[in-house]
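# A structural walkthrough
Spelled out from the first residue to the last, the chains are:
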Amino acid sequence: MKLYIKYMVSLRCKMMVKEELKKLGVRYVTVDLGMVDILGEISSLQREKLKINLLKSGLELLDDRKSILIEKIKIVITEMIHYSDELPKVNYSDYISEKIGYDYTYLSNIFSEVKGITLQQFIIIHKIERVKELLLYDELNLTEIAYKLHYSSVAHLSNQFKKVTGLSPSFYKQLKQRREDNLENM
């Protein structure tokens, strides 16, 4: 049996969910981002307690099919952009469709209806968040980041970055340096 959990996006979330399952005596096979594979069945009382305990931590146990599908889409995108060393070589639409097992147009329409933004906008937002992380780590230059995230050019990455954040990537990086300098001077 599978349970789907909204807002479960980090290793810390996974650890917290494992702990809650342990407290309730629920045995599981795997705990992944947004999904738990339960060994056997879970009682309605255990499910309700899990739901309440997860809410206290900012997580939400999902029940309806649309919410579960949206969460699956978000997990695929999050894993693809944030937790993968290499982005897929195929189109994102083909990758997402293949991973979830539904036609991309169908997934895109449901996503837009429920989230109020397009799937493409969601991907761009996550790519820019990843660019911010990589800029702050200061391990890769902008050209390497553009290549890693499959941008056609540094200019394309810079334009998209500025459109989403209002800042150029170089100015964003300067802000980090200024914060560090201010902390050192305190």
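Residues numbered from 1 in each chain as written. Predicted model: local features only at pLDDT ≥ 70, side-chain atom pairs only at ≥ 80, totals over all residues. Heavy atoms only, no water.

### Observations concerning the overall build of the protein
- What the protein contains, in helices and strands, is 9 helices and 4 strands.
- Reading the protein from its N terminus to its C terminus gives the helix and strand order β-α-β-β-α-β-α-α-α-α-α-α-α.
- In terms of overall dimensions, the protein has a C-alpha envelope of 55 × 50 × 25 Å along the principal axes.
- Within the protein, counting contacts between residues at least 6 apart in sequence, those at least 24 apart form 57% of the total.
- Approximately 11,200 Å² of the protein is accessible, and the part contributed by carbon and sulfur atoms is 52%.
- Here the protein holds 29 positive side-chain charges and 25 negative ones, and the gap between their average locations is 3 Å. (Helix = DSSP H or I, 4+ residues; strand = E, 2+ residues; numbered from the N terminus. Contact = heavy atoms within 4.5 Å. Areas by Shrake-Rupley, 256 points an atom, 1.4 Å probe, with all protein chains shown as cover. Lys, Arg positive; Asp, Glu negative; His and termini not counted. Charge placed at Lys NZ, Arg CZ, Asp CG, Glu CD.)

### Some remarks on the nonpolar core
- Ile-73, Ile-77, Ile-96 and Ile-100 are the most contacted members of the largest nonpolar core, which totals 17 residues.
- Counting residues per element, this core draws most heavily on helix H3 (residues 65–82), at 7 residues.
- Aside from chain neighbours lying at most four places away, what touches Ile-96 is Val-76, Ile-77, Tyr-104, Leu-107 and Ile-123.
- Formed by 16 residues, the second largest nonpolar core is a distinct cluster that contains Val-31, Ile-42, Leu-59 and Leu-61. (Core = buried A, V, L, I, M, F, W, Y, C linked by side-chain atoms within 4.5 Å. Buried < 20%, exposed > 50% of the residue type's maximum accessible area, 1.4 Å probe, protein only.)

### Here's the deal with the confidence of the model for the protein
- In this model, the protein carries an average pLDDT of 88, and 95% of its residues clear a pLDDT of 70 or more.
- The lowest-confidence element of the protein is helix H9 (residues 169–184), averaging 77 in pLDDT; the highest-confidence one is helix H8 (residues 154–165), averaging 95. (pLDDT = per-residue confidence, 0-100.)

### Quick word on the sheet that holds strand S3 (residues 35–38)
- Strand order in the open sheet made by the 4 strands is S2-S3-S1-S4, with antiparallel pairing throughout. Edge strands, defined here as strands with exactly one partner in the open sheet, are strand S2 (28–32) and strand S4 (60–61).
- As judged from the 2 bridges shared by strand S1 (residues 2–6) and S4, these two strands associate in the antiparallel manner. In the sheet register, Ile-5 faces S4, and the bridge partner there is Leu-61.
- Sitting on the sheet, helix H1 (residues 11–24) is in contact with S1, S2 and S3, with an inclination near 155° to S2. (Pairing = 2+ DSSP bridges. Axes fitted to C-alpha atoms, helices over the stretch in contact; angles between N-to-C directions.)

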